[in-house]
Amino acid sequence: DEPELRAHFEETVAADRRVEPRDWMPEAYRATLVRQIAQHAHSEIIGMQPEGDWITRAPSLRRKAILWAKVQDEAGHGLYLYGAAETLGADRDDLTRRLLEGRQKYSSIFNYPAATFADVGVIGWLVDGAAICNQVPLCRSSYGPYARAMVRVCKEESFHQRQGYELLWTMTRGTAAQREMVQDAVDRWWWPSLMMFGPPDAASPNSERSMAWRVKRHSNDELRQRFVDMTVPQADRLGVTLPDPELRWNEERGRYDFGTPDFAELARVIGGDGPCNRERIARRTAAHEDGAWVREAAAAHAERRARRADG
Ligand code: FAQ
């Protein structure tokens, strides 16, 4: 009966054991996981667009091969994540429909344009760097299929981050024009990267419950701080300036102090009014429509095989 099942669920979470698809779980826990995992999956798929634009324009075969591999990994991450959402009873067609109709979100960061090839490096360094900071703790998330998907995703994200850093390392040791391109890209992506961690803790309606259920392991502000602490020394090594006049080492805290991101901008971008929101959704919609024949053919094939197996 329910009180017993609920007690078992609470105990599993408190003991840091994993909740599995066959286990009883409160409906609100299921709903919050579907929400977060679906948003995460949508982010990976929409996230293919800014860098995908550069595959045909990469400056060498080596850079093209690296970028192609990275963007394909993102498609793979989307698929594992949709798979994890399906273990909760979600239907993938339904999740896609919700995304296209603007009823489910994807990360704000992918609504900014990748203007030059230096942006490819900065996306790898900062955006994948932020994703790693956020996702490594999710490997210990209380829901088993999500936590396990994160292990592989994080390994691939570290390759993505390294390729970005290496690209920037090469460019900053190139010409003055290349160094300027890198600095310009850093100036444009720094604040949006900090916004990836979400609203400040005091304005984060989901955090408290998600942390109590150990779906999230740290607060938005804690992860944002970790990202800054990790990134500043890397920026120094690269020789780029982070565009924050308030950024300085705080001896007492043993952490960096930094300025406040423009959270009104974050709210605008989440609300659909960022620089590329319309373009991203239009392209995702077109890709979905163009792929209809593949889904129909796969369904017809599966049905024919099932019929043959019956007979
Ligand atoms: N953008 O109460 P909270 C990647 C929404 S990395 C859009 O704090 P929560 C890799 C939030 O959903 C990017 N929406 O929410 C890659 C909520 O709305 P709702 C994906 C945002 O869930 C790299 C409302 O605001 N990573 O894809 C954002 O506790 C390069 C209130 O916020 C993940 O999804 C935002 N930045 O914390 C791919 C990681 N921030 O749902 C390609 C997993 C907040 O109530 C290229 N997700 N919102 O309608 C998480 O860790 C959490 O969901 C947070 C938000 C931290 C994002």
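In case you missed it, the structure is sitting above this.
Please read these numbers as outputs of a predicted model, since none were measured by experiment.

Next up on the list: the overall build of the protein. Each helix and strand in the protein was counted, giving 13 helices and 2 strands. Since a compact globule built from 311 residues should have a radius of gyration of about 19 Å, the 21 Å found for the protein is in line with a globular shape. Relative to its 311 residues, the protein shows a buried fraction of 47%. Put simply, 77% of the contacts in the protein that link residues at least 6 apart link residues at least 24 apart.

A few words now on helix α2 (residues 27-46). For α2, with 20 residues, the first-to-last C-alpha span of 28 Å sits near the 28 Å given by 1.5 Å per residue. Extensive coverage of α2 is indicated by the burial of 14 of its 20 residues.

Our focus in this paragraph is the site of the ligand. If you check the shell around the ligand, you find 36 residues, and the closest are R35, Q39, K105, S204 and K216. Here S108 contributes a backbone N or O atom positioned 2.8 Å from a nitrogen atom of the ligand. Measuring from a nitrogen atom of the ligand, one finds a backbone N or O atom of M195 at 3.3 Å. A total of 1100 Å² of accessible area belongs to the ligand in isolation, and the protein chains cover 90% of it. For the shell around the ligand, the elements supplying multiple residues, two or more each, are α2, α4 (61-86), α6 (117-135), α7 (144-172) and α11 (263-270). When residues of the shell around the ligand are assigned to their parent elements, the largest contribution, 6 residues, is made by α2.

Time to look at the packing of aromatic side chains. The tally for this structure, following the rule as stated, stands at 10 aromatic pairs. Plain terms: the ring middles of W54 and F117 are 5.9 Å apart, the flat faces sit at 70° to each other, and that makes the pair edge-to-face. Taken together, the positions of W54 in the loop between α3 (48-52) and α4 and F117 in helix α6 put the pair 63 residues apart, joining distant regions of the chain. Aromatic side chains Y165 and W169 sit 6.2 Å apart centroid to centroid with 25° between the ring planes, which places their arrangement in the stacked category.

Let us now look at unusual backbone geometry. One non-glycine residue, D16, adopts positive backbone phi at about 65°. Examined against the element boundaries, D16 turns out to sit in the loop between α1 (2-14) and α2. Judged by its relative accessible area of 35%, D16 falls in the partly exposed class. For R214, which is not glycine, the phi dihedral falls at a positive 60°. Assignment of secondary structure puts R214 in the loop between α9 (207-212) and α10 (220-238).

What follows deals with the packing of α2 against helix α5 (residues 92-100). Two numbers describe how α2 lies on α5: the axes approach to 11 Å, and their chain directions differ by 70°. When the interaxial angle is binned, α2 and α5 end up roughly perpendicular. The crossing of α2 and α5 is right-handed. When α2 is examined against α5, the residues V34, A38, H42 and I46 are found in contact with a partner set consisting of L95, T96 and L99. Taken together, the residues of the contact of α2 with α5 sort by class into 5 nonpolar, 2 polar and no charged.

A complete count under the given rule lists 26 salt bridges for this structure. Here E27 ties to R30 by a salt bridge, and the two come within 3.4 Å at their closest N and O atoms. With E27 and R30 both in helix α2, this residue pair falls 3 residues apart, about one helical turn. With a relative accessible area of 56%, E27 lands in the exposed category. Looking at R30, the relative accessible area reads 21%, which means it is partly exposed. Among the ionic contacts, a cluster of salt bridges with common partners joins D16, R18, R214 and R217.

What follows deals with the side chain of H40. Among the secondary structure elements, H40 is positioned in helix α2. With a relative accessible area of 10%, H40 lands in the buried category. The contact partners of H40, leaving out residues within four places of it in the chain, are L81, Q135, Y146 and M150.

When you line up the elements, K216 lands in the loop between α9 and α10. The buried charged residue K216 lacks any salt bridge partner; its closest oppositely charged side chain belongs to D201, at an N-O distance of 6.7 Å. When neighbours within four sequence positions are excluded, K216 is seen to be in contact with Q36, L138, S204, S207, S210 and M211.

Parameters at a glance
Residues numbered from 1 in each chain as written. Predicted model: local features only at pLDDT ≥ 70, side-chain atom pairs only at ≥ 80, totals over all residues. Heavy atoms only, no water. Helix = DSSP H or I, 4+ residues; strand = E, 2+ residues; numbered from the N terminus. Rg over C-alpha atoms; globule rule 2.2 N^0.38 Å. Buried < 20%, exposed > 50% of the residue type's maximum accessible area, 1.4 Å probe, protein only. Contact = heavy atoms within 4.5 Å. Expected span 1.5 Å × (residues − 1). Near = heavy atom within 4 Å. Polar contact = N/O pair within 3.5 Å; in protein donor to acceptor, adjacent residues only side chain to side chain. Areas by Shrake-Rupley, 256 points an atom, 1.4 Å probe, with all protein chains shown as cover. Phe/Tyr/Trp six-rings, centres within 6.5 Å; stacked < 30°, edge-to-face > 60°. Axes fitted to C-alpha atoms, helices over the stretch in contact; angles between N-to-C directions. Parallel < 35°, antiparallel > 145°, perpendicular 65-115°, else oblique. Left-handed = near helix turned anticlockwise from the far one by under 90°. Nonpolar A, V, L, I, M, F, W, Y, C, P; charged D, E, K, R; others polar. Salt bridge = Lys/Arg side-chain N within 4 Å of Asp/Glu carboxyl O. Lys, Arg positive; Asp, Glu negative; His and termini not counted.

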